[in-house]
Amino acid sequence: MELHQPAVEELDLTTILQALGDPVRLSIVRELAVTGEQVCGSMALSVSKSTRSHHFKTLREAGLTETRIEGTHRHISLRRDDVESRFPGLLDAVLQPQPAAL
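Please read these numbers as outputs of a predicted model, since none were measured by experiment.

Helix 3 (residues 49-62) packs onto helix 2 (residues 23-35) with a crossing angle of 70° between their chain directions and a minimal axis gap of 10 Å. The orientation of helix 2 with respect to helix 3, classified from their angle, is roughly perpendicular. The two elements helix 2 and helix 3 meet at a crossing, and its hand is right-handed. Residue-level contacts link V24, R25, I28 and V29 of helix 2 to H54, H55, F56, T58 and L59 of helix 3. Tallied by class, residues from the contact of helix 2 with helix 3 come to 5 nonpolar, 3 polar and 1 charged.

Now for helix 2. Taking 1.5 Å per residue as the helical rise, helix 2 with its 13 residues ought to reach 18 Å, and the 18 Å between its terminal C-alpha atoms agrees with that figure. Residues R25, L26, I28, V29 and L32 constitute the buried set of helix 2. All buried residues of helix 2 project into a common sector of 155° when viewed along the axis, lining one side. Of the exposed residues in helix 2, those oriented more than 90 degrees away from the buried face are P23 and V34. One or two steps after helix 2, the chain reaches G36, where phi turns positive at roughly 85°.

Next up on the list: the nonpolar core. Membership of the largest hydrophobic core comes to 23 residues, with the highest contact counts inside it found for I16, L20, I28, V29, F56, L64 and L91. Going through the elements one at a time, helix 1 (13-20), helix 2, helix 3, strand 3 (73-78) and helix 5 (90-95) are the ones with two or more residues in this core. The contact partners of I16, leaving out residues within four places of it in the chain, are L11, A62, L64, F87 and L90.

Taken together, 3 strands build an open sheet; the order of strands is 1-3-2 and the sheet is antiparallel. Each edge of the open sheet is held by one strand with a lone partner, namely strand 1 (38-39) and strand 2 (65-70). Strand direction decides the pairing type here: strand 2 and strand 3, joined by 6 bridges, are antiparallel. Looking at strand 3, one finds that E66 is bridged to S77.

Rules used in this analysis
- Residues numbered from 1 in each chain as written.
- Predicted model: local features only at pLDDT ≥ 70, side-chain atom pairs only at ≥ 80, totals over all residues.
- Heavy atoms only, no water.
- Axes fitted to C-alpha atoms, helices over the stretch in contact; angles between N-to-C directions.
- Helix = DSSP H or I, 4+ residues; strand = E, 2+ residues; numbered from the N terminus.
- Parallel < 35°, antiparallel > 145°, perpendicular 65-115°, else oblique.
- Left-handed = near helix turned anticlockwise from the far one by under 90°.
- Contact = heavy atoms within 4.5 Å.
- Nonpolar A, V, L, I, M, F, W, Y, C, P; charged D, E, K, R; others polar.
- Expected span 1.5 Å × (residues − 1).
- Buried < 20%, exposed > 50% of the residue type's maximum accessible area, 1.4 Å probe, protein only.
- Arc of directions from axis to C-beta.
- Core = buried A, V, L, I, M, F, W, Y, C linked by side-chain atoms within 4.5 Å.
- Pairing = 2+ DSSP bridges.

Honestly, it's all geometry; don't read function into it.
Structure (structure tokens):
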């Protein structure tokens, strides 16, 4: 099974920012940045399985993550180098620790 994953030249800033605008998807990207590739079912998310799948699909179609299928498992990794080559500094800015709310 082949999943659509946009080429580097197809990455769109608006689509990426929309994908990162959701707190759950942003937490997924932050976790992948720290831990590296993970099996999608192993991530601790407080959402249903179908919602989790939707978030992973949105991130993949935006070009932020890559999904590698191995048997019945889907391995998710951050496309840091691809995003960095298209939009230098974007992920570093997004992944910076946020100041505590007052």
